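# Coordinates in review
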Amino acid sequence: MARMEDRKLTIDEILDDLKVAPSTFHRWRRLGKGPRSIKLPNGDVRIRRSEYERWLAAREDAA
């Protein structure tokens, strides 16, 4: 069984978690500011949970 942190997330799952508009997330991706993603042969995009968590952590304010 795949480790949970390696689970592949859909863009809809990311949007739901971040509470941002699809256009915002796609703009981030175009600008290279979004999390690294995997583009499947059918055009769908997936993001590894571990990559998503790493991307979020890199954006935390220093306390």
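See the structure above.
Attention in this report is confined to the structure presented alongside it. The structure displayed is predicted, hence computed values, not measured ones. All residue numbers here refer to positions counted from 1 along the written sequence of the relevant chain. Totals for whole chains, interfaces and linings use all residues, but because this is a predicted model, local features are given only for residues with pLDDT of at least 70 and pairs of side-chain atoms are given and counted only at 80 or more. Note: side-chain values were computed over all heavy atoms of the structure, leaving out hydrogens and water.

## Some details on the packing of helix α1 (residues 11-18) against helix α2 (residues 22-30)
Under the convention used in this document: A fitted line through C-alpha atoms represents every axis, and for helices the fit uses only the stretch in contact; the resulting angles, taken between N-to-C directions, go from 0 to 180 degrees. Counting from the N terminus, the helices are the DSSP runs of H or I reaching at least four residues and the strands are the DSSP runs of E reaching at least two. Here the angle decides the label: under 35 degrees means roughly parallel, over 145 means roughly antiparallel, 65 to 115 means roughly perpendicular, and every other value means oblique. Each helix crossing is assigned a hand: it is left-handed if the near helix lies turned anticlockwise from the far helix by less than a right angle, otherwise right-handed if that turn is clockwise. Two residues form a contact once any of their heavy atoms are found within 4.5 Å. Polar here means any residue other than Ala, Val, Leu, Ile, Met, Phe, Trp, Tyr, Cys and Pro, which are nonpolar, and Asp, Glu, Lys and Arg, which are charged; Gly is therefore polar.
Direction vectors running N to C along α1 and α2 enclose 110 degrees, while the axes themselves pass 10 Å from each other. As judged from the angle between their axes, α1 and α2 are roughly perpendicular. For the pair α1 and α2, the sense of crossing is right-handed. Residues I11, I14, L15 and L18 of α1 form the contact with α2, whose own contacting residues are P22, F25, H26, W28 and R29. Split into classes, the residues belonging to the contact of α1 with α2 amount to seven nonpolar, one polar and one charged.

## Brief notes about the environment of R54
For the record, the criterion: Any pair of N or O atoms that falls within 3.5 Å is considered a polar contact. Within protein, one atom must be able to donate a hydrogen and the other to accept it, and sequence-neighbouring residues count only if both atoms are side-chain atoms.
When you line up the elements, R54 lands in helix α3 (residues 49-58). Spatially, the C-alpha atom of R54 lies 10.0 Å from that of R36, the residues being 18 residues apart in sequence. For R54, the side chain forms a polar contact with the side chain of E51, separated by 2.7 Å.

## What to know about the packing of α1 against α3
In a packed pair of helices, the relevant descriptors are the angle between the two axes and the axis-to-axis distance. In contact at an axis separation of 12 Å, α1 and α3 are set at 30 degrees when each is read in the N-to-C sense. The element α1 and its partner α3 pack so that their crossing is right-handed. When α1 is examined against α3, the residues I14, D17 and L18 are found in contact with a partner set consisting of Y52, W55 and L56. Partitioning the contact of α1 with α3 into residue classes produces five nonpolar, no polar and one charged.

## Some points on the nonpolar core
Condition: Here the nonpolar core consists of buried residues drawn from Ala, Val, Leu, Ile, Met, Phe, Trp, Tyr and Cys, with membership extended through side-chain atoms lying within 4.5 Å. The rule is simple: take the accessible area with a 1.4 Å probe, protein chains only, and divide by the maximum for that residue type; under 20% is buried, over 50% is exposed, in between is partly exposed.
One finds L9, I11, I14, L15, F25, V45, I47, Y52 and W55 forming the largest nonpolar core, which totals nine residues. Put simply, the parts of the chain that give this core at least two residues each are α1, β3 (45-48) and α3. In terms of residue count, the dominant contributor to this core is α1 (three residues). Ignoring anything within four residues of it in the chain, the contact list for L15 reads V20, A21, P22 and F25.

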